[in-house]
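Coordinate analysis (summary)
Chain by chain, the residues:
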Amino acid sequence: WSEFHEKKDLPSCQSFINCLENYQIENFNSYPDLKKSAETQMEICRGQAQNILNILSQGTPLDNLQQLKLEESIQKIDLCMLAYLRNQNYALEETHQTYYKYFIFYIFTFGIGAVILIFLNVREIKKRDKIIYNSEQFLRHSMEIQVAELRRMSRELEDTVARRMRCVSLLA
C-alpha cells in the first residue's frame, strides 16, 4: 500500500490488489469479532482498490472528478488500514497481557516454591542444631558424671590407703 501511495500507478495498484487477494484472514488472530472486522476491512479495501484500478486503467489523464474519486478511495483504504492496524495492535496487546499474567503467575509460583524450600531447609538446620546441642549437653553431663565418679573413687582409695597405713603404723 505504501508503494501505491508513493507512485499512484497501475502496476503498484495491481500489486496491492494481489497482496489483498493472497492475504489469509485465518492467520489474523483468535478473536472472532476482530477476525470478522478484519474480513470486512479487507473487503472494503479490495472494493476500493478495484475502483482505483478502474480509474487508473482508463489510460487518459485524470480529470477533477476522477482525481476526487481516486483520493476518496485512497482515504477509505487508509481508514480501513488504520482500523486493521488498531485491531492488530489490540490483539497483540491482549496477547501481551496474557503472557504477562502467565509470567507473573510463574514468577509468583517459583517465589512461593523458593520460600517453602528455604523454610524447610531452615527447619532442618534447626533440627540438626538441636540434635548437636543435645549431644553436646549429653557429653558434658557424661563427663561431669565421670569426673564425679573418679573423685569419689579417689577419695575412697585415699581413705582405704590411709586406714591401712594407720593399721600398719599401729601394728608397728
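Preceding this paragraph is the structure being described.
Read on for a plain summary of the structure.

So, how was this worked out
Residues numbered from 1 in each chain as written. Predicted model: local features only at pLDDT ≥ 70, side-chain atom pairs only at ≥ 80, totals over all residues. Heavy atoms only, no water. Core = buried A, V, L, I, M, F, W, Y, C linked by side-chain atoms within 4.5 Å. Buried < 20%, exposed > 50% of the residue type's maximum accessible area, 1.4 Å probe, protein only. Helix = DSSP H or I, 4+ residues; strand = E, 2+ residues; numbered from the N terminus. Contact = heavy atoms within 4.5 Å. Axes fitted to C-alpha atoms, helices over the stretch in contact; angles between N-to-C directions. Parallel < 35°, antiparallel > 145°, perpendicular 65-115°, else oblique. Left-handed = near helix turned anticlockwise from the far one by under 90°. Nonpolar A, V, L, I, M, F, W, Y, C, P; charged D, E, K, R; others polar. Salt bridge = Lys/Arg side-chain N within 4 Å of Asp/Glu carboxyl O. Polar contact = N/O pair within 3.5 Å; in protein donor to acceptor, adjacent residues only side chain to side chain.

**A look at the nonpolar core**
Counting residues in hydrophobic clusters, the biggest one holds 19 residues, and the most contacted among them are F4, C13, I52 and I77. Only α2 (10-22), α3 (32-56) and α4 (64-171) provide two or more residues apiece to this core. Looking at this core, the element that brings in the most residues is α3, giving 8 residues. Residues within four places of C13 in sequence aside, it is in contact with F4, A49, I52, L53 and L56.

**Points about the packing of α2 against α3**
Where α2 meets α3, the axes come as close as 10 Å, and the angle between the chain directions of the two elements is 155°. Judged on the interaxial angle alone, α3 and α2 are roughly antiparallel. In this structure, α2 crosses over α3, and the sense of that crossing is left-handed. Note on element contacts: α3 touches α2 through M42, C45, R46, A49, Q50, I52, L53 and L56, opposite L10, C13, Q14, F16, I17, L20 and E21. Residue composition of the contact of α2 with α3, grouped by class: 11 nonpolar, 2 polar and 2 charged.

**A word on the pattern of salt bridges**
One pass over the full model with this rule turns up 5 salt bridges. Residue E149 pairs with R152 through a salt bridge whose shortest N-O separation is 2.3 Å. With E149 and R152 both in helix α4 and 3 residues apart, this pair spans about one turn of that helix. Between E156 and R152 there is a salt bridge, with its nearest N and O atoms 2.4 Å apart. With E156 and R152 both in helix α4, this residue pair falls 4 residues apart, about one helical turn. For R152, a relative accessible area of 34% puts it in the partly exposed group. Taken together, the shared-partner salt bridges connect E149, R152 and E156 into one network.

**A word on the side chain of S73**
Here S73 shows up in helix α4. Given a relative accessible area of 5%, S73 falls into the buried group. Reaching out from S73, the side chain makes a polar contact with the side chain of Q48 at a distance of 2.9 Å. When sequence neighbours within four positions are dropped, the list of residues in contact with S73 reads Q48, N51 and I52.

**What about the environment of L79?**
Here L79 shows up in helix α4. Separated by 38 residues in sequence, L79 and Q41 have C-alpha atoms that sit 9.1 Å apart.

**So, the packing of α3 against α4**
Working note: a packed helix pair is described by the angle between its axes plus the distance between those axes. At their nearest, the axes of α3 and α4 sit 9 Å apart, and the two run at 160° to each other. One element, α3, and the other, α4, form an angle in the roughly antiparallel class. Relative to α4, α3 is oriented so that their crossing is left-handed. Each residue belonging to the contact of α3 with α4 can be placed in one class, and the counts come to 17 nonpolar, 7 polar and 2 charged.

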